[in-house]
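Coordinate analysis (summary)
Here's the letter readout for the chains.
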Amino acid sequence: MEESTIEKISQIVGPEYVSTREDVLLSYSASASTGYDSVKPSAVVRPGSTEEVSEILKIANDVNLKVTPRCGGSSLQGEVIPVEGALVIELMRLDSFELHEDLRSATVGAGVTFGKLDKLLKVCGLWLPVYPESSLVATVAGNVAVNGAGPGSTAYGCIAEMVLGLEVVLPDGRIIQTGSEANPNAPGPFLRYAFGPDLTGLFIGSLGSLGIITKVSVKLFKRMEEFHYETYGFQESEQAQKFLIELKENNVNAVFASIYEGRILGFFMDMLGEEYHIPEHDWPPFTVSITLGRLREDQLQSDIKRAAEICGGLEGEVIGISELPRGEWDDRMRTFARSSYAHGWHWRILYHHQTPSNWHKSIEAIWDVMDEYALLGHTAGFATGHSSYNFYPHLYYFPEDKEEERRVREAHVDLSKRLFKTGAVPFKLAPYWVNGVDEMKEYMNVLKGIKDVLDPNGIMHPGVMGGL
Ligand SMILES: Cc1cc2nc3c(=O)[nH]c(=O)nc-3n(C[C@H](O)[C@H](O)[C@H](O)COP(=O)(O)OP(=O)(O)OC[C@H]3O[C@@H](n4cnc5c(N)ncnc54)[C@H](O)[C@@H]3O)c2cc1C
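Reading the values: rules and limits
Residues numbered from 1 in each chain as written. Predicted model: local features only at pLDDT ≥ 70, side-chain atom pairs only at ≥ 80, totals over all residues. Heavy atoms only, no water. Near = heavy atom within 4 Å. Polar contact = N/O pair within 3.5 Å; in protein donor to acceptor, adjacent residues only side chain to side chain. Areas by Shrake-Rupley, 256 points an atom, 1.4 Å probe, with all protein chains shown as cover. Helix = DSSP H or I, 4+ residues; strand = E, 2+ residues; numbered from the N terminus. Nonpolar A, V, L, I, M, F, W, Y, C, P; charged D, E, K, R; others polar. Buried < 20%, exposed > 50% of the residue type's maximum accessible area, 1.4 Å probe, protein only. Pairing = 2+ DSSP bridges. Phe/Tyr/Trp six-rings, centres within 6.5 Å; stacked < 30°, edge-to-face > 60°. Lys NZ or Arg CZ within 6 Å of the ring centre and 35° of its normal.

Points about the site of the ligand
Around the ligand, the structure places 37 residues, and the nearest of them are P69, S74, S75, S134 and A149. E133 places a main-chain nitrogen or oxygen 2.8 Å from an oxygen atom of the ligand. Side-chain polar atom of S134 to an oxygen atom of the ligand: 2.6 Å apart, as the coordinates give it. When the ligand sits alone it has 970 Å² of accessible area, and the protein chains cover 97% of it. At the level of elements, β3 (67-70), α5 (140-146), β10 (212-219) and α12 (337-342) are the ones that each hand at least two residues to the shell around the ligand. Per-element tally for the shell around the ligand: the top contributor is α5, with five residues. In terms of residue class, the shell around the ligand is made up of 20 nonpolar, 13 polar and four charged.

In structure tokens, the structure reads:
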């Protein structure tokens, strides 16, 4: 990057917030994604306000400089890794918090992590009930940019369902506000679908390629204190799937629900069994692990009873081991995935959504690929809202075995193709979907048209959203 550009950016944010130091560039060359090659940016800037972000983007446009927005850097598909020579715009200094208690909403700056938000909300008995399992470092804005999901999603859906509006700096530096706050006289965020078509949705899941989210307004809920943790066993996958569907139909409030088949459960027990003090058990072929959550004890008791009846009606058994769901829920802000890091694994992940009734098709595709490519791996997943089920299969490799890593990369693209055929849909529009799936061509052309209008010089995080 030209010295003169650095100088101009430095005048906007102050010299202490721009760096071209090698060790700093190295830190911003990678993310939590162990399976992706790191790429060093040419500089890192840490703006302190929306206006500064806007001024930086104007300069970037003038000199045709590629930029990469970054918040917590905890994403797992390489989506925060810059292109060669890009400017990383790190937004963690935007840490404002505004509570609108009467509107049951809050507006947070792009640098606010879920952990910090939860701490702020706890004192008022409120919460944002959808967490990624990386919440101590992941920001709300970063999660909106990837349309994440996590514990809480079983009842509340993906993070998109929580968003009431966004403040976004467009690639040319214009600042826009979406949702009810687009009216500057509004008392705060109270409605997302205002002012015609849903502009908010354009930026959710856009992976930073259409603009920089500087503030997110979210719905808040009264904090639940009543929980029950239970495991249910079934002989057939169809029974386990039906169980999840019937829980929804009967309005039983599972805040986190996962189906484990034997091979996956074995893997989990190996990672976490001891840590969560899960007793030895002769587990059935399909185990459903559930956290039920309610505001009131009487509601919770009713849910516990109804869940047991539904389980019995499907010839299942209430196992009575609570440590697995309790561990998942209580640990939701720190995640099971840290165990993978602790084991030193490197992996590529393939986030996708299925329906509960298609759940097993994903598992079959995943095992087929692992067996055909002779790879080690596993998958985890959980119910995410109305009728969807989120999966995140991991394909593991030994980092020094280049041949195995090559096979993992190939298997990754192949798996996306096979999953698409089963009816699965991308969770994040990572490039491997587009590389593998021909049926997405027209859809991608439309997205490209939108990208070209908003970002005619192609400076915003090129390549990340399906290669655009
Ligand atoms: C152990 C572990 C567990 C995880 N569990 C989950 C989980 O349960 N659910 C889940 O959804 N994810 C999970 N993740 C992935 C990741 O942590 C989340 O998706 C997280 O919300 C990303 O937020 P971030 O602030 O770290 O974003 P980053 O990694 O910094 O960025 C993610 C993407 O969004 C873009 N971006 C970031 N900030 C902005 C912005 N302000 N404006 C526009 N674009 C932006 C970036 O360019 C990049 O493309 C997990 C990760 C780890 C390491």
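Having seen the model, we can carry on.
A few points about the pairing of strand β8 (residues 163-169)
A large share of β8 lies buried, amounting to seven of its seven residues. The pairing of β8 with β10 spans six bridges and is classified as antiparallel. Counted as the bridge partner of G165 is S217 from β10. In this structure, β8 lies alongside strand β9 (residues 175-177), joined through three bridges in antiparallel fashion. Paired with V169 across the strands is I175, a residue of β9. The turn linking β8 back onto β9 is made up of five residues, and G173 within it adopts a positive phi angle of 100 degrees.

A closer look at the packing of aromatic side chains
For any pair of aromatic rings, geometry is given as the distance between the ring centres together with the angle between the planes. Counted under the stated rule, the structure contains 18 aromatic pairs. Their ring planes at 45 degrees and their centres at 5.2 Å tell us that F234 and F243 sit as a pair that is tilted. Judged by its relative accessible area of 0%, F243 is buried. Between the aromatic rings of Y389 and F391, the centroid separation amounts to 5.0 Å while the plane-to-plane angle is 50 degrees, which identifies the pairing as tilted. For F391, a relative accessible area of 1% gives the class buried. An aromatic cluster of three or more residues is present, and its members are F256, Y351, F382, Y392 and F427. Seen from the ring of Y131, R332 lies directly overhead, with NZ or CZ sitting 4.8 Å from the centre.

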